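One-letter residues, chain by chain:
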Amino acid sequence: MTTTAVNTAPEVVGFDRVSKSYGSVRAVDGLTLALNPGETVALLGPNGAGKSTTLDLLLGLKQPDSGTVRIFGTGPREAIVAGRVGAMLQSGGLMDEVTVAELVRLACDLHPRPYKVSDVLSRAGVAQIADRKVDKLSGGQAQRVRFALATAGDSDLIVLDEPTTGMDVTTRQAFWATMREQADQGRTVLFATHYLEEADAIADRVLVLHRGRLLADGTAAEIKAKAGARRISFDLNDTDTGIDETALRALPFLTHLDLSGATVRIQSSDADATVHALYGSGLYPRNLEVAGLGLEQAFVAITEAEEARNR
């Protein structure tokens, strides 16, 4: 007789009908969600979607107008004081007139479960600039130092707000390799990003916020499927004298059209019907490709559809 294991681990983060307003602006609107141990979760949303306010509420930097925020079953402040949360914010958190090593050592000294300073410096890729003054760092170097501060001790939840801003490609790859190691060790990683390719490649789960509400929640593949559209791209025949944009826009189930030279890119809610009509229109496409939306296109399609419903 076999038994199925049931995950009884408590949720890492719980938002229960959380709202936060600034005057007449509702930044977070009845948000309910839960994060589980070992997940790597991307938080996406257009500017003004409520991402930063959500992270501020999670970290206890702001208090909700209504609803509750829990981390490991306690309030944010209690979890942070216990050393269970490491955070890397977009700005702030760096003292002037101290070296990188001095700042990291301070963070380790303050953490209830600290790592060795040398290990933290090495993992964050800042060992070679350990003796440099913090106010002399480049933007990418400052981001790596913020990462060092967020991982100065054995925290169970790591919260990252636009973590790779200012990093070059090589540094970004090394950063995410380190984050994958953290998740593999059972830690939960929550990151907000504008780099949707990072969310697609890194996240186990994607949350899409819009006007302070949770618009979509699932794997990157599920978010793409939710958009309900596919991409069609092709080149027009060399014998064509020009692109008949009117004919293209008349194709059925068209949701988006982009023209670039002789290349046509379409988004369609019924790709089969659109392609059938394309051949029937007298146009002769070459190099025809039909594929699912990428995460970026799906994100745009979902948020634009929501905007249209709110008009």
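Residues numbered from 1 in each chain as written. Predicted model: local features only at pLDDT ≥ 70, side-chain atom pairs only at ≥ 80, totals over all residues. Heavy atoms only, no water.

Caption draft 1: Representation of the pattern of salt bridges. Under the criterion given, the structure shown has 15 salt bridges. With a closest N to O distance of 3.7 Å, Asp258 and Arg265 form a salt bridge. Taken together, the shared-partner salt bridges in this structure form one network comprising Glu39, Arg205 and Asp217. (Salt bridge = Lys/Arg side-chain N within 4 Å of Asp/Glu carboxyl O.)

Caption draft 2: Fine view of the nonpolar core. Counting 48 residues, the largest nonpolar core has Leu44, Val100, Leu160, Phe175, Met179, Phe191 and Val206 as the members making the most contacts within it. The residues contacting Val100, other than those within four sequence positions of it, are Leu121, Val126, Ile129, Ala130, Arg132, Val134, Leu137 and Val145. Ranked by size, the runner-up nonpolar core spans 26 residues in total, among them Phe15, Val28, Leu43 and Val69. (Core = buried A, V, L, I, M, F, W, Y, C linked by side-chain atoms within 4.5 Å. Buried < 20%, exposed > 50% of the residue type's maximum accessible area, 1.4 Å probe, protein only. Contact = heavy atoms within 4.5 Å.)

Caption draft 3: Examining helix α3 (residues 100-110) more closely. Of the positions making up α3, those classed as buried are Val100, Ala101, Leu103, Val104, Ala107 and Cys108. The arc that holds the buried residues of α3, viewed along the axis, is 165 degrees, so those residues lie on one side. Opposite the buried face of α3, at more than 90 degrees from it, the exposed residues are Asp109 and Leu110. Of the surrounding secondary structure, the elements contacted by the buried residues of α3 are α4 (117-123) and α5 (139-150). (Helix = DSSP H or I, 4+ residues; strand = E, 2+ residues; numbered from the N terminus. Arc of directions from axis to C-beta.)

Caption draft 4: Molecular detail of the environment of Gly45. Tracing the chain through its elements places Gly45 in the loop between β3 (40-44) and α1 (51-58). Note: C-alpha distance between Gly45 and Glu222 (177 residues apart in sequence) is 16 Å. Excluding residues that lie within four positions of it along the chain, Gly45 makes contacts with Lys51, His194, Leu209 and Phe299.

Caption draft 5: Highlighting the confidence of the model for the chain. Per-residue pLDDT for the chain averages 87, and the proportion of residues at 70 or more is 94%. Counting contacts from residues 1-7, a segment whose pLDDT is below 50, to residues more than four positions away or on other chains yields 0 contacts. (pLDDT = per-residue confidence, 0-100.)

Caption draft 6: The arrangement of the pairing of strand β10 (residues 230-236) in detail. Both β10 and strand β12 (residues 263-268) contribute to a ladder of 6 bridges, which runs antiparallel. Of the residues in β12, the one forming a bridge with Ile232 is Ile266. Summarising the sheet, β10 and strand β13 (residues 285-292) pair through 6 bridges and their orientation is antiparallel. Opposite Asp235, over in β13, you have Arg286 as the bridge partner. (Pairing = 2+ DSSP bridges.)

Caption draft 7: View of the sheet that holds strand β2 (residues 25-35). Spatially, the 3 strands line up as an open sheet ordered β2-β1-β4, and their pairing is antiparallel. Strand pairing shows two members of the sheet lacking a second neighbour, β2 and β4 (66-71), which therefore form its edges. With direction set aside, neighbouring strand axes in the sheet form an average angle of 25 degrees. In this sheet, β2 lies alongside strand β1 (residues 13-22) in antiparallel orientation, the contact comprising 7 bridges. Within the sheet, the bridge partner assigned to Phe15 lies in β2 and is Leu33. Contacts from α1 reach β1, β2 and β4 within the one sheet, and its direction differs from that of β1 by about 120 degrees. (Axes fitted to C-alpha atoms, helices over the stretch in contact; angles between N-to-C directions.)

Caption draft 8: Region of interest: the pairing of strand β8 (residues 205-210). Across the 6 residues of β8, 6 count as buried, placing the element largely inside the fold. Across the two faces of β8 the burial is the same, with Arg205, Leu207 and Leu209 and Val206, Val208 and His210 all buried. As judged from the 4 bridges shared by β3 and β8, these two strands associate in the parallel manner. If you follow Leu44 over to β8, its bridge partner there is Val208. Alignment of β8 against strand β9 (residues 213-218), held across 5 bridges, turns out to be antiparallel. Looking at the pairing, Leu207 lines up with Asp217 of β9. In sequence, β8 turns back onto β9 through a hairpin of 2 residues, with Arg211 there showing a positive phi of about 50 degrees.

Caption draft 9: Examining a nonpolar patch on the surface more closely. Where nonpolar side chains cluster on the molecular surface, the patch consists of Met95, Leu106 and Leu110 and spans about 300 Å² of accessible area. Examined against the element boundaries, Leu110 turns out to sit in helix α3. With relative accessibility at 65%, the residue Leu110 sits in the exposed group. (Patch = residues over 30% accessible without salt bridge, like charges linked within 9 Å, V, L, I, M, F, W, Y side chains within 5 Å. Areas by Shrake-Rupley, 256 points an atom, 1.4 Å probe, with all protein chains shown as cover.)

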